[in-house]
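If you want the building blocks of each chain, they are given just below.
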There are 2 protein chains.
Amino acid sequence: MSKVKISNMECPIPLDDYKYVMMAHGSGGRMMGRLIDEMFLAVFTDVQPQDSAILNVPQGKIAMTTDSFVVRPLFFPGGDIGSLAVNGTVNDLAMCGARPQYLSVSFILEEGLAMETLWRVIQSMHKAADVANVTIVTGDTKVVERGHGDGLYINTTGIGVLEHGHNITPEQVKAGDMVILSGDIGRHGIAVMAEREGLSLRCNIESDCAPLFAPVQALLDAGLVPHALRDATRGGVATVLNEIATAAGLQINVSESTIHVEEGVRGVCEILGFDPLHIANEGCFIAFVAAEDHVLALDILRKHNKKASLIGTVSEGKPGRVTIETSIGGVRILDMPAGELLPRIC
Amino acid sequence: MSKVKISNMECPIPLDDYKYVMMAHGSGGRMMGRLIDEMFLAVFTDVQPQDSAILNVPQGKIAMTTDSFVVRPLFFPGGDIGSLAVNGTVNDLAMCGARPQYLSVSFILEEGLAMETLWRVIQSMHKAADVANVTIVTGDTKVVERGHGDGLYINTTGIGVLEHGHNITPEQVKAGDMVILSGDIGRHGIAVMAEREGLSLRCNIESDCAPLFAPVQALLDAGLVPHALRDATRGGVATVLNEIATAAGLQINVSESTIHVEEGVRGVCEILGFDPLHIANEGCFIAFVAAEDHVLALDILRKHNKKASLIGTVSEGKPGRVTIETSIGGVRILDMPAGELLPRIC
């Protein structure tokens, strides 16, 4: 029985036995038991074998968040569905100021998926969880017939611990707040889209997929409490700004020239008629901070990402409105995308 | 704009507008916002609008479990994918003795799914959560292209609170323990299969889909600590017994005549060559209790389900072996199903 070497660890189910996922791998019998024991538990060593994981939590408040990932293709420059599934959920916890701690992982596998592909994804998740300092504690596997999935879908649900008493939500945003963007934008959506459509981009755009709790913790450690934090995923920066302006009942005004967009991303957007502010990111966020805190906040965030920048301010204005001062000096309404832009980027 | 009446509450997105789920309902823009606000949040009123829910937990231990549901068809006698998704996760928590408290819900919708179908499922989840006394606190929605899903898949992840210090796991099972089955078996798997294959069964077999914390709590309230509990879902009673015999390193001996199987279920199994012990259930469980506790335990469980019965005992014997005394008096090995039996029953 030959074993194919994958990445730095051998695939533990001999690929000559089961090169592809079969329906029986999801039916609760011996084949499923073997898939779980020899593949999942070999990598996710902190998963507790019974149906529920028993976890220690401090008294007080925890944060819970869930996300299913259906990104297509499964692998793209800068990441894959596995690293995305870990970082996406970790970041949703981080955005309310919670320390990401535990993750559950649930797979919906399509019959015929190459075991080797599953193995690569599992290893990627393990690595991402390690970097983000979260523990994968429980899981589930289902198999659907060929033609009823797209290789694999992953759900991750996360639990984080709130180690402070602050309420970091859009409703806390106040007129006079400063708006800071933690990095450059548009890379994730364009990287996935380019890989999917087979565009050969000379500029090698990579997804920004990364965990974001470290910069949030740095802000909190400095005694600085952001009023709101939000990662700019589906719908991009424009959507986040609109949602927060609506929730806070305030107006947000940003300046286009302060928003970093990589040359390559800008080029692709210009050719295809996309607005980079509508493109999804997976490794940058927007922080709303009190005016007196913004210099320190920017200073801290720049230690984590040199491209962090002050992009705007909050005013009474018209509740729910977002305006943008364009690079040529005009001011326009910045709306969220109305319909379909780039589907399945997460 | 006419509104179609569904169940007891009108579908809040006028069906003339969007009769079917479109890709844009998953893209993070205005259409997705409307789907979430007007459908999901209209029913799941305890969902917190930000990406993570903030939850109160007592100091100590919590249980976490996750399950994705891909049952086909979406509606079947006795339940649907929505009630199943709630009860399946609630029961995984109950089986470690944790009080089910919070649920996350994540949908993977297939483009073209009828909004009316989604609305029925959402309402069913709401009702099931109400009966099981759990709160749906956070959610997520993704949309995949037509031909890459099967209507809808649902992930639920649950958090339960351990209000006692007992360790209820297969490793606690001891030689001499009694094995109690909480109800009759085989109805869920056969009901789903019959609906899917269009078998017209005169006997109207209904899924046993139901929440199981109440009987577990009754045992604990009586001061009775089961050594292990396990709901007999995928792979049926046979799989649970084999897994526990292996985990405990003991032999389990059961008697076929003590296991309740409805006439209709038995008939379908005989015709199709299935063993009812391999068929999935969604509303019954197996309890391993100390010999001195079994009379009281059975008494309590019968108050919840008259068909609860003592089905066997645990012995040193051969570790991992399960034997069954057949109704005609012989004894055979009871194995778990090797491969595919009835796929997609949960």
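None of the values given here were measured: they were computed from a predicted structure. Sequence order as written defines the numbering, with residues in each chain counted from 1. The naming scheme follows written order: chains are lettered A onward, ligands numbered 1 onward. In keeping with the model being predicted, local features are shown solely for residues with a pLDDT of at least 70 and side-chain atom pairs are shown and tallied solely at 80 or more, while totals for entire chains, interfaces and linings include all residues. Only hydrogens and water are removed before side-chain values are computed, so all heavy atoms of the structure are retained for them.

Quick look at the overall build of chain A now. Here a helix means four or more residues in a row that DSSP labels H or I, a strand means two or more in a row labelled E, and each is numbered from the N terminus. Within chain A, the secondary structure is distributed over eight helices and 16 strands. It is over C-alpha atoms that the radius of gyration is taken, and the globule rule equals 2.2 Å times the number of residues to the power 0.38. Here the C-alpha atoms of chain A give a radius of gyration of 21 Å, agreeing with the 20 Å that 2.2 N^0.38 yields for 346 residues. Seen along its three principal axes, the alpha-carbon backbone of chain A occupies a region of about 65 × 50 × 30 Å. Residues are treated as being in contact if the distance between any of their heavy atoms lies within 4.5 Å. Pairs at least 24 apart in sequence give 85% of the contacts found in chain A among residues at least 6 apart. Reported accessibility uses the Shrake-Rupley method at a 1.4 Å probe radius. Residues are deemed covered only where the shown protein chains occlude them. By element, 48% of the accessible surface of chain A is carried by carbon and sulfur atoms, the whole surface being about 12900 Å².

This next bit is on the pattern of salt bridges. Counted as salt bridges are all cases of a side-chain nitrogen of Lys or Arg within 4 Å of a carboxyl oxygen of Asp or Glu. As enumerated under the stated definition, the model contains 30 salt bridges over all chains in all. Across the salt bridge formed by Glu38 of chain A and Arg34 of chain A, the nearest N and O atoms sit 3.2 Å from each other. With Glu38 of chain A and Arg34 of chain A both in helix H1 (residues 30-43) and four residues apart, the pair spans about one turn of that helix. Among the salt bridges present, the one from Glu163 of chain A reaches Arg99 of chain A, with a minimum N-O distance of 2.8 Å. Of the two residues, Glu163 of chain A is situated in the loop between strand S9 (152-161) and strand S10 (178-181) and Arg99 of chain A in strand S7 (residues 99-110); the sequence distance between them amounts to 64 residues. Through salt bridges with shared partners, a single network forms among Asp67 and Arg234 of chain A together with Asp140 and Lys142 of chain B.

Attention now goes to the interface of chain A and chain B. Every contact between the two is made by 74 residues of chain A and, on the other side, 74 residues of chain B. Once two parts are put together, the accessible area they lose, assessed with a 1.4 Å probe and summed over both, is termed the buried area. Between chain A and chain B the total buried area reaches about 5900 Å² when both faces are included, carbon and sulfur atoms providing 56% of it. Interface area lost by chain A to chain B is led by Arg30, Met64 and Arg234 of chain A, which between them contribute 13%. Taken together, chain A and chain B are joined by ten salt bridges. Pairs of N or O atoms within 3.5 Å make up the polar contacts considered here, provided that, within protein, one atom can donate a hydrogen while the other can accept it, and that residues adjacent in sequence are counted only when both atoms are side-chain atoms. Our count for the chain A to chain B interface comes out at 39 residue pairs in polar contact (both at pLDDT 80 or more).

Accessibility here uses a 1.4 Å probe with only protein chains present; expressed as a share of the type maximum, an area under 20% marks a residue as buried, one over 50% as exposed, and anything in between as partly exposed. Only one face of strand S3 (residues 53-57) of chain A is buried: it carries Ala53, Leu55 and Val57 of chain A, and the other face, with Ile54 and Asn56 of chain A, is open. The sheet contact formed by S3 of chain A and strand S4 (residues 60-69) of chain B spans five bridges and is antiparallel. Pairing of Ile54 of chain A across the sheet is with Ala63 of chain B, part of S4 of chain B. At least two DSSP bridges between two strands are needed for those strands to be called paired.

With that settled, consider the environment of Ile205 of chain A. All names here are of chain A. With respect to the secondary-structure elements, Ile205 resides in the loop between helix H4 (187-197) and helix H5 (213-221). Linking Ile205 and Glu262, residues 57 residues apart in sequence, is a C-alpha distance of 8.6 Å. When neighbours within four sequence positions are excluded, Ile205 is seen to be in contact with Pro77, Arg187, Ile190, Ala191, Gly264, Val265 and Val268.

This part takes up the packing of aromatic side chains. Between the rings of Phe, Tyr and Trp (Trp by its six-membered ring), a pair exists once the centres lie within 6.5 Å; its type follows the angle of the planes, with under 30 degrees stacked, over 60 edge-to-face, and the other angles tilted. Counting across every chain of the model gives two aromatic pairs over all chains. Consider the rings of Phe40 of chain A and Phe107 of chain A, whose centres lie 4.9 Å apart with planes at 25°: the pair is stacked. Highlighted residues: Phe40 of chain A in helix H1 and Phe107 of chain A in strand S7, separated in sequence by 67 residues. The same class applies to Phe40 of chain A as to Phe107 of chain A, namely buried. A ring is considered to have a charge above it if a Lys NZ or an Arg CZ atom is located within 6 Å of its centre and within 35 degrees of its normal. Across from the ring centre of Phe75 of chain A, 3.8 Å away, lies the NZ or CZ of Arg120 of chain A, which sits over that ring. Stacked on the ring of Phe69 of chain B, the Lys or Arg Lys142 of chain A has its end atom at 5.4 Å from the ring centre.

So, about the sheet that holds strand S4 (residues 60-69) of chain A. With mixed pairing, five strands are arranged side by side in an open sheet as S8(A)-S7(A)-S9(A)-S4(A)-S3(B). The sheet is open, and its two edges are formed by strand S8 (135-144) of chain A together with strand S3 (53-57) of chain B, each paired on a single side. Averaged over neighbouring strand pairs, the angle between their axes works out to 20° when direction is ignored. Sheet topology note: the S7 of chain A/S8 of chain A ladder contains nine bridges and is parallel. Bridged to Ser106 of chain A within S8 of chain A is Asp140 of chain A. Helix axes are fitted only over the stretch in contact, all axes being lines through C-alpha atoms; the angle between N-to-C directions runs from 0 to 180 degrees. Packing against the sheet, H1 of chain A makes contact with S7 and S8 of chain A, and its axis sits at approximately 145° to S8 of chain A. Contacts from helix H2 (residues 81-94) of chain A reach S4, S7 and S9 of chain A, with the element oriented near 145° to S4 of chain A.

As a further point, take the domain arrangement of chain A. Residues and elements named next belong to chain A. Looking at the assigned domains, one finds that chain A contains domain 1 (23-161) and domain 2 (170-333). Of the residues lining the interface, 22 residues belong to domain 1; the matching set on domain 2 comes to 21 residues. Taken together, both faces of the contact between domain 1 and domain 2 bury some 1800 Å²; the carbon and sulfur share is 65%. Considering only the side of domain 1, the residues that lose the most area to domain 2 are Pro77, Asn91 and Met95, jointly responsible for 33% of the buried surface there. Our count for the domain 1 to domain 2 interface comes out at zero salt bridges. The tally of links between domain 1 and domain 2 comes to five residue pairs in polar contact (both at pLDDT 80 or more). Mapped by element, the contributors of at least two residues to the side of domain 1 that touches domain 2 are strand S5 (75-76), H2, S7 and helix H3 (115-132). With eight residues, H2 is the largest single contributor of residues to the side of domain 1 that touches domain 2. Each residue receives one of three labels: charged for Asp, Glu, Lys and Arg, nonpolar for Ala, Val, Leu, Ile, Met, Phe, Trp, Tyr, Cys and Pro, and polar for the others, Gly being one of them. Taken together, the residues of the side of domain 1 that touches domain 2 break down into 13 nonpolar, six polar and three charged. Residue ranges labeled as domains rest on an automatic or database domain assignment.

Regions with low pLDDT should not have their predicted coordinates read in detail. Residues and elements named next belong to chain A. The score called pLDDT rates the predictor's confidence residue by residue, from a low of 0 to a high of 100. This prediction gives chain A a mean pLDDT of 93; 96% of its residues lie at or above 70. Scored below 50 in pLDDT, residues 1-7 shows 21 contacts in the model against residues more than four places distant or in partner chains. Across the assembled chains, the prediction reports ipTM 0.94 with pTM 0.95.

Once that is clear, we can look at the sheet that holds strand S12 (residues 251-255) of chain B. Residue and element names in this part refer to chain B. The mixed open sheet is built from seven strands, whose spatial order is S11-S13-S10-S14-S12-S15-S16. Of all strands in the sheet, those bounded by a partner on one side alone are strand S11 (228-231) and strand S16 (331-333). Averaged over all pairs of adjacent strands, the angle between strand axes in this sheet comes to 25°, irrespective of strand direction. Bridging between strand S10 (residues 178-181) and strand S14 (residues 309-315) involves four bridges; their strand directions are antiparallel. Considered in S14, the bridge of Ile180 is made with Leu310.

Attention shifts here to unusual backbone geometry. With an omega dihedral of 5°, the bond running from Arg72 of chain A to Pro73 of chain A counts as a cis peptide bond. Topologically, Pro73 of chain A is positioned in the loop between S4 and S5. Despite not being glycine, Asn133 of chain B has its phi angle at roughly 65°, a positive value. Considering the arrangement of structural elements, one finds Asn133 of chain B in the loop between helix H3 (115-132) and strand S8 (135-144). Located in the positive-phi region is Arg344 of chain B, a residue other than glycine, with phi close to 55°. Note that Arg344 of chain B resides in the segment after S16.

Superposing chain A onto chain B requires a rotation of 180° together with a translation of 0.0 Å along the rotation axis, leaving an RMSD of 0.0 Å. Those values place the two copies in the arrangement expected of a two-fold rotation axis. No C-alpha of chain A approaches the rotation axis more nearly than that of Gln59 of chain A, which lies at 1.8 Å. Comparing contact sets, 100% of the residues at the interface of chain A also lie at the interface in chain B, consistent with an isologous, same-surface contact. The least-squares superposition of copies is restricted to C-alpha atoms, and to residues with a pLDDT of at least 70 in both copies.

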